[in-house]
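# Residue-level structure breakdown
These are the residues of each chain, in order.
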Amino acid sequence: MVTLNDKILLRKPDARDLEELYVLKNDEETNALIGGFTTGFSREMIRDWILLHINAPDEVLYVIQDLGSNKLIGHVGLYKIDYRIRKAEFAILIGDKEARGKGYGKQCTDYMVRYAFEQLNLNKVELSVLSTNERAIYIYRTYGFETEGVLRQAQYKNGRYHDVILMAKFNHLCTYTEQAVTPK
């Protein structure tokens, strides 16, 4: 468990989170901000989601809990951690609308990226974001993520195609020198 600024707690998800995750992950407005397609989640699907992520060897996933209200407001994680290439995918969901705009997303992003670089010794953290999610893009850019590319019309939501922006941040502590290989 990790406490950030005495306001939020990052902890592993467990069975007690099922009802709150069920509500957050079935919110239509929240789902409009993230990639992928869903027809909704059953409680059984949420239970399976929790088990999948707490047992995944290539992930670090936390639920985000507001310490003032004791309410679950979302989740944040590093996925598909590749220790050979030294990279991971980053994702965050602030599903509680009342928690948005309070800096929680930025604090969680800061913690997870630092964790990736300083604890896991990764070189790259990458993410994908819908081009319509301007708040998330702003946070990622201010935190130093740079656009690596755009997948044009890669998602379909609400009767329209949307671009997906690929972004990444590299560990500024990593320095490598390329050496030429001369065949013998």
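Scope of this entry: the structure provided in the associated data block. (Residues numbered from 1 in each chain as written. Predicted model: local features only at pLDDT ≥ 70, side-chain atom pairs only at ≥ 80, totals over all residues. Heavy atoms only, no water.)

### Remarks on the overall build of the chain
Looking only at helices and strands, the chain features five helices and eight strands. Counting helices and strands in the order they occur from the N terminus, the chain gives β-β-α-α-α-β-β-β-α-β-α-β-β. Across the 184 residues in the chain, those meeting the buried criterion constitute 45%. Once local pairs closer than 6 in sequence are excluded, the contacts in the chain between residues at least 24 apart make up 59%. When the accessible surface of the chain is summed, it comes to about 11,200 Å², and 50% of that surface belongs to carbon and sulfur atoms. (Helix = DSSP H or I, 4+ residues; strand = E, 2+ residues; numbered from the N terminus. Buried < 20%, exposed > 50% of the residue type's maximum accessible area, 1.4 Å probe, protein only. Contact = heavy atoms within 4.5 Å. Areas by Shrake-Rupley, 256 points an atom, 1.4 Å probe, with all protein chains shown as cover.)

### Here's the deal with the sheet that holds strand S5 (residues 87–94)
Judged by pairing direction, the sheet is mixed, and its eight strands sit side by side in the order S1-S2-S3-S4-S5-S6-S8-S7 without closing on themselves. In this open sheet, the two strands that pair with only one neighbour each are strand S1 (2–4) and strand S7 (146–157). The mean inter-strand angle of the sheet, taken between neighbouring strand axes irrespective of direction, is 25°. Pairing geometry for S7 and strand S8 (residues 160–170), over eight bridges, is antiparallel. Looking at the pairing, Glu146 lines up with Ala168 of S8. Helix H1 (residues 18–25) rests against strand S3 (60–66), strand S4 (72–82) and S5 of the sheet, and its axis sits at about 85° to S4. (Pairing = 2+ DSSP bridges. Axes fitted to C-alpha atoms, helices over the stretch in contact; angles between N-to-C directions.)

### Quick word on the packing of H1 against helix H3 (residues 43–55)
For the pair H1 and H3, interaxial distance at closest approach is 9 Å and the crossing angle is 110°. By the angle class used here, H1 and H3 are roughly perpendicular. Each of Leu18, Glu19, Leu21, Tyr22 and Lys25 in H1 lies in contact with H3, whose residues at this interface are Arg43, Ile46, Arg47, Trp49 and Ile50. Tallied by class, the residues present in the contact of H1 with H3 amount to six nonpolar, no polar and four charged. (Parallel < 35°, antiparallel > 145°, perpendicular 65-115°, else oblique. Nonpolar A, V, L, I, M, F, W, Y, C, P; charged D, E, K, R; others polar.)

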